[in-house]
Amino acid sequence: MAPSFYWWAKETHRGTPVVVKMENPNNWSMVELPSSSEEDFMYPNGTVTKGGRNKNAKQLTWVLLLKAHKAAGCLTSIAAAFFSLASAVRRRVSAGRTDTPVKSRFYTCIKVILWVSLVLLCFEVAAYFKGWHFGTREFQLQKLYTLTNGFAVRDVFDSVYSRWVLIRVEYLAPPLQLLANVCILLFLVQSLDRLVLCLGCFWIKFKKIKPIAKLGLVDLESGDGHGYFPMVLVQIPMCNEKEVYQQSIAAVCNLDWPKEKLLIQILDDSDDPTTQYLIKEEVYKWQQNDANIIYRHRVIRDGYKAGNLKSAMNCSYVKDYEFVAIFDADFQPNPDFLQRTLPHFKDNEEVGLVQARWSFVNKGENLLTRLQLINLAFHFEVEQQVNGIFLNFFGFNGTAGVWRIKALEESGGWLERTTVEDMDIAVRAHLHGWKFIFLNDVECQCELPESYEAYRKQQHRWHSGPMQLFRLCLPAIIRSKISIWKKGNMIFLFFLLRKLILPFYSFTLFCIILPMTMFIPEATLPAWVVCYVPATITFLNILPAPKSFPFIVPYLLFENTMSVTKFNAMISGLFQLGSAYEWVVTKKSGRSSEGDLISLTDKQQNMHQEINIQQEKGVSLKKKKKHNRIYTKELALAFLLLTASARSLLSAQGIHFYFLLFQGVSFLLVGLDLIGEQVV
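Per chain, residues are indexed from 1 in the order of the written sequence. A pLDDT threshold of at least 70 governs which residues receive local features in this predicted model, and a stricter bar of 80 or more applies before side-chain atom pairs are shown or counted, although totals over entire chains, interfaces and linings include all residues. To get the side-chain values, take all heavy atoms of the structure and skip hydrogens and water.

**Digging into the overall build of the protein**
Here is step 1 of the chain: A tally of helices and strands in the protein yields 19 helices and 12 strands.
Here is step 2 of the chain: Any residue under 20% of the maximum accessible area for its type is buried, any over 50% is exposed, and the rest in between are partly exposed; the area is computed with a 1.4 Å probe on protein chains only. In the protein, which comprises 680 residues, the share counted as buried stands at 48%.
Here is step 3 of the chain: A contact between two residues is defined here by any heavy atoms of the two lying within 4.5 Å. Nonlocal contacts in the protein, meaning residues at least 24 apart in sequence, comprise 80% of its contacts between residues at least 6 apart.
Here is step 4 of the chain: We get accessible surface area from the Shrake-Rupley algorithm with a probe of 1.4 Å; when it comes to residues, only the shown protein chains can shield them. Carbon and sulfur atoms make up 61% of the accessible area of the protein, which amounts to about 34600 Å² in all. A run of H or I in DSSP becomes a helix once it reaches four residues, and a run of E becomes a strand once it reaches two; helices and strands are each numbered from the N terminus.

**Re the environment of Leu120**
Here is step 1 of the chain: Inspection of the secondary structure puts Leu120 in helix H3 (residues 105-129).
Here is step 2 of the chain: Separated by 524 residues in the primary sequence, Leu120 and Ala644 place their C-alpha atoms 9.7 Å from one another.
Here is step 3 of the chain: The residues touching Leu120, leaving out its near neighbours within four places in the chain, are Trp164 and Phe519.

**Some words on the environment of Cys473**
Here is step 1 of the chain: Inspection of the secondary structure assignment puts Cys473 in helix H13 (residues 452-479).
Here is step 2 of the chain: With relative accessibility at 2%, the residue Cys473 sits in the buried group.
Here is step 3 of the chain: C-alpha separation for the pair Cys473 and Val427, spaced 46 residues apart in sequence, amounts to 8.2 Å.
Here is step 4 of the chain: Residue contacts for Cys473: discarding those within four places in its chain leaves Arg417, Asp424 and Val427.

**Let's talk about the pairing of strand E9 (residues 351-360)**
Here is step 1 of the chain: Most of E9 sits out of view: 10 of its 10 residues are buried.
Here is step 2 of the chain: Two strands make a pair as long as DSSP finds a minimum of two bridges between them. Of the strand pairs in this sheet, E9 and strand E11 (residues 435-446) are connected by nine bridges, and their pairing is parallel. Counted as the bridge partner of Gln355 is Phe438 from E11.

**Structural notes on the side chain of Gln385**
Here is step 1 of the chain: Tracing the backbone shows Gln385 in helix H10 (residues 367-390).
Here is step 2 of the chain: The residues contacting Gln385, other than those within four sequence positions of it, are Cys201, Ile204, Lys205, Phe380, Phe438 and Asn440.

**Looking at the packing of aromatic side chains**
Here is step 1 of the chain: Any pair of Phe, Tyr and Trp rings, taking the six-membered ring for Trp, is counted once the centres come within 6.5 Å. Such a pair is stacked with planes under 30 degrees apart, edge-to-face with planes over 60 apart, and tilted for the rest. The tally for this structure, following the rule as stated, stands at 30 aromatic pairs.
Here is step 2 of the chain: Seen in terms of ring centroids, Phe327 and Phe337 are 5.1 Å apart; in terms of plane orientation they differ by 70 degrees. Their pairing is edge-to-face. Of this pair, Phe327 sits in the loop between strand E7 (323-326) and strand E8 (332-333) while Phe337 sits in helix H9 (residues 337-341), and the two are 10 residues apart along the sequence. With respect to burial, Phe327 and Phe337 carry one shared label: buried.
Here is step 3 of the chain: Ring plane angle 80 degrees and centroid distance 6.0 Å describe the contact between Phe394 and Phe438, whose orientation is recorded as edge-to-face. Within this pair, whereas Phe394 is found in the loop between H10 and strand E10 (401-404), its partner Phe438 is found in strand E11, the two being separated by 44 residues in sequence.
Here is step 4 of the chain: An aromatic cluster is built from Phe331, Trp358, Phe380, Phe393, Phe394, Phe396, Trp403, Phe436, Phe438, Phe470, Phe494 and Phe495, whose rings are joined through pairwise contacts.
Here is step 5 of the chain: Lysine and arginine charges are scored as sitting over a ring when NZ or CZ, respectively, is within 6 Å of the ring centre and within 35 degrees of the ring normal. Above the ring of Phe494, the side-chain terminus of Lys499 is found at 4.3 Å from the ring centroid.

**Quick notes on the UniProt feature "transmembrane region" (unreviewed entry) in the protein**
Here is step 1 of the chain: UniProt positions are given in the numbering used here, feature names are shortened, and annotations may be inferred rather than shown by experiment. UniProt's feature table lists "transmembrane region" (unreviewed entry) at residues 68-89, 109-129, 178-204, 491-519, 525-543 and 655-675, given in the numbering used throughout.
Here is step 2 of the chain: Here residues 109-129 runs as 100% helix and 0% strand, with 31 Å between its end C-alpha atoms.
Here is step 3 of the chain: A distance of 27 Å separates the end C-alpha atoms of residues 525-543, which is 84% helix and 0% strand.

**Regarding helix H15 (residues 527-542)**
An α-helical turn contains 3.6 residues, so any two residues separated by three or four positions project in the same direction.
Here is step 1 of the chain: Expected helix span is computed as 1.5 Å times (number of residues minus one). Taking 1.5 Å per residue, 16 residues should reach 22 Å; H15 reaches 22 Å between its end C-alpha atoms and fits that length.
Here is step 2 of the chain: We define the bend at any residue as the angle between the axes fitted to the seven residues before and including it, ending there, and the seven starting there. At Val533, H15 shows its largest kink, close to 25 degrees, and the proline Pro534 lies no more than four residues downstream.
Here is step 3 of the chain: Listing the buried residues of H15 in full gives Val529, Val530, Val533, Pro534, Ile537, Thr538, Leu540, Asn541 and Ile542.
Here is step 4 of the chain: On its buried face, H15 is in contact with helix H5 (156-207), H10, helix H14 (484-519), helix H16 (552-574) and helix H19 (654-671).

**What about the pattern of salt bridges?**
Here is step 1 of the chain: A pairing counts as a salt bridge when a side-chain nitrogen of Lys or Arg comes within 4 Å of a carboxyl oxygen of Asp or Glu. Following the criterion strictly, the structure yields 21 salt bridges and no others.
Here is step 2 of the chain: With its nearest N and O atoms 3.9 Å apart, the salt bridge here joins Glu416 to Lys310. Remark: Lys310 occurs in helix H8 (residues 304-313) and Glu416 occurs in the loop between helix H11 (405-410) and helix H12 (421-431); sequence separation between them is 106 residues.
Here is step 3 of the chain: In this structure, the salt-bridge partner of Glu634 is Arg456, at a minimum N-O distance of 3.9 Å. Here the residue Glu634 occupies a position in helix H18 (residues 632-650), and Arg456 occupies one in helix H13, the gap between them amounting to 178 residues.

**Regarding the nonpolar core**
Here is step 1 of the chain: Here, nonpolar core means buried Ala, Val, Leu, Ile, Met, Phe, Trp, Tyr and Cys residues that are tied together by side-chain atoms lying within 4.5 Å of each other. Counting 86 residues, the largest nonpolar core has Trp403 and Val427 as its most contacted members.
Here is step 2 of the chain: The biggest single contributor to this core is E11, with seven residues.
Here is step 3 of the chain: Setting aside residues up to four positions removed in sequence, Val427 forms contacts with Phe393, Leu469, Cys473, Met490, Phe494 and Phe495.

**Quick word on the confidence of the model for the protein**
Here is step 1 of the chain: Looking at the protein, pLDDT values average 82 and 76% of them are 70 or higher.
Here is step 2 of the chain: Scored between 0 and 100, pLDDT is the confidence that the predictor attaches to each residue. The lowest-confidence element of the protein is helix H1 (residues 7-11), averaging 43 in pLDDT; the highest-confidence one is E10, averaging 98.
Here is step 3 of the chain: Residue range residues 1-14 is modelled with pLDDT below 50. Its contacts to residues more than four positions away, or to other chains, number eight contacts.
Here is step 4 of the chain: Between residues 594-601, whose pLDDT stays under 50, and residues either more than four places distant or in other chains, the model counts three contacts.

**Description of the sheet that holds E7**
Here is step 1 of the chain: The strand order across the open sheet built from eight strands is E6-E5-E4-E7-E10-E9-E11-E8, with neighbouring strands paired in mixed fashion. Pairing within the sheet leaves two strands with one partner each, and these edge strands are strand E6 (293-297) and E8.

**Overview of the packing of helix H6 (residues 245-253) against helix H7 (residues 273-288)**
Here is step 1 of the chain: Running from amino to carboxyl end, H6 crosses H7 at an angle of 25 degrees, the nearest separation of the two axes being 10 Å. With respect to their mutual orientation, H6 and H7 come out roughly parallel. The way H6 lies across H7 gives a crossing that is right-handed. Note on element contacts: H7 touches H6 through Leu278, Ile279, Glu282, Val283 and Trp286, opposite Tyr245, Gln246, Ile249, Ala250 and Cys253. All axes here are fitted lines through C-alpha atoms, helices being fitted over the stretch that makes contact, and every angle between N-to-C directions spans 0 to 180 degrees. Here the word oblique covers every angle except those under 35 degrees (roughly parallel), over 145 (roughly antiparallel) and from 65 to 115 (roughly perpendicular). Two helices that cross are described as forming a left-handed crossing if the nearer one is turned anticlockwise from the farther one by less than a right angle, and a right-handed crossing if clockwise.

**As for unusual backbone geometry**
Here is step 1 of the chain: Phi angles above zero are rare outside glycine, and Asp347 is one such case at about 55 degrees.
Here is step 2 of the chain: Following the sequence through the fold, Asp347 ends up in the loop between H9 and E9.
Here is step 3 of the chain: Residue classification places Asp347 among the exposed residues on the basis of a relative accessible area of 54%.
Here is step 4 of the chain: Backbone geometry at Ala400 places phi at a positive 60 degrees, although glycine is not the residue there.
Here is step 5 of the chain: Examined against the element boundaries, Ala400 turns out to sit in the loop between H10 and E10.

Here it is, written out as structure tokens:
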């Protein structure tokens, strides 16, 4: 064999053969083999393999073993992560506490529906194995006709089940289908409203429409005395919020505004003596720094936040001020906040309110805060901005806004009749002809609830209060002198559609009717109602927060999960049930800004100061243990949806099965308080 004939074979790069020896996964070594020769690439008849591609069998075996070891390592890591997650879930569930108000009519109704669904599931499974297959409705009716024939042979079970099918067809399916159709209609109307709002927001962006102040920003350090500097009162109502009082007081004391034209009121409703002392000390510290700030504490704490604000406005010196800016205890306005909001009142006597947008310092803290960001981004970017531009009316957000004191007084001032005093004063001011301006480009930092317990309490108040207000304001709206279309907008869009219909159909359609149609298949929900329209609306909701697109599916499921809380709150407010007047201050964690080391130092000093105060009083300090809450209504609905998903599996309903399954898992996670932070 002439070597020159195979000149190309000598040029082939084969590398250095290596064999990995493994006695066990933790003990292995690499051995270098001698360089290969042409004989290694010959067939037994002496011919050379094409391209030298034949491999040693032992090398191939060890390579396969190495890949198998790598795959086993991946499976081991996945299993370890799964067991770690399961262990964390077990620890959090074992530390759980049941939510206290379990004896309610709403919870009893859910339990009854759950037990009925479990009984029906057992009945349907037995029927399935008896030959009642649920693939098509025609097959079931055909078999029913066969069994009702007098010559058909049937046993006791077939007789009972055939009567059950007749009862479903004649008595249960028609009213259920009617209710489903009504909810579908409401769903489509509300979806159309969302679409119109999004189109309005797109038009604002496209045309670059924004409120323009008649007076630009003024640099206070330039010595310009011709700026617009009216007398401004700043109010910070707070109640036992020792985690956040320092940052809010510091922020308002650093506002760029002439000190002789600015007065800061710290309206402390705390009933904890330690918290009162700490806030007083903070106010005194800023008074020593020449800040015009005073501390007020009510002896009789009636009316919650509305009563606190009403008491402060009754002070004699308030008559010297033209505007009042309100900030909750966790809000931190930028130094130029007043310079960017107050010029919109200049030469515009019809404007009664200027509202700024919220921004959030902890929006990426956990899954719960990320999902809240989607909702609030849509609320400010779309709802508030569109209503402010086209209607000059929107609901006051209760904070980060500046009111003309004259507008407050003409509208009747703060009233304690509902838990949404901010929406109450906004509605009454609108009925008196005042206009509102929303500034989407002026932001005020605040904090999102990080635990589901705090978020749940907040949402209950936000959805029960509007129904209380609607009952009280409806006669005044009808008798008011505003135009007919403004009355219609306030009654049908502002109250009914966005405050009543939304939680009603969301809970009724997806948490009650959909599971029931699995057990009463004669009433149906189309796939576009279950999947396509909700996905489209969710896509529109998430547009103002584009970085949240990876959370679009969890957001859809979580919004349906929250519908039980919102529906319960809406019913409580509409019919004035006991929980309608429940006011719980939203728990704060005290995050001032991301990476703010100065704030961290202040908090540590504050903590040491609090410890010293407690020790002086002889009070022993024990570290509070965090725990979970077990939410019974959410758990009951989780089992109801999972039971319905098992029933839909028998019918081979793909979209319905997956929706019920994932929605049931979502309710289960929320019911076990596995979303968000634990509470103390």
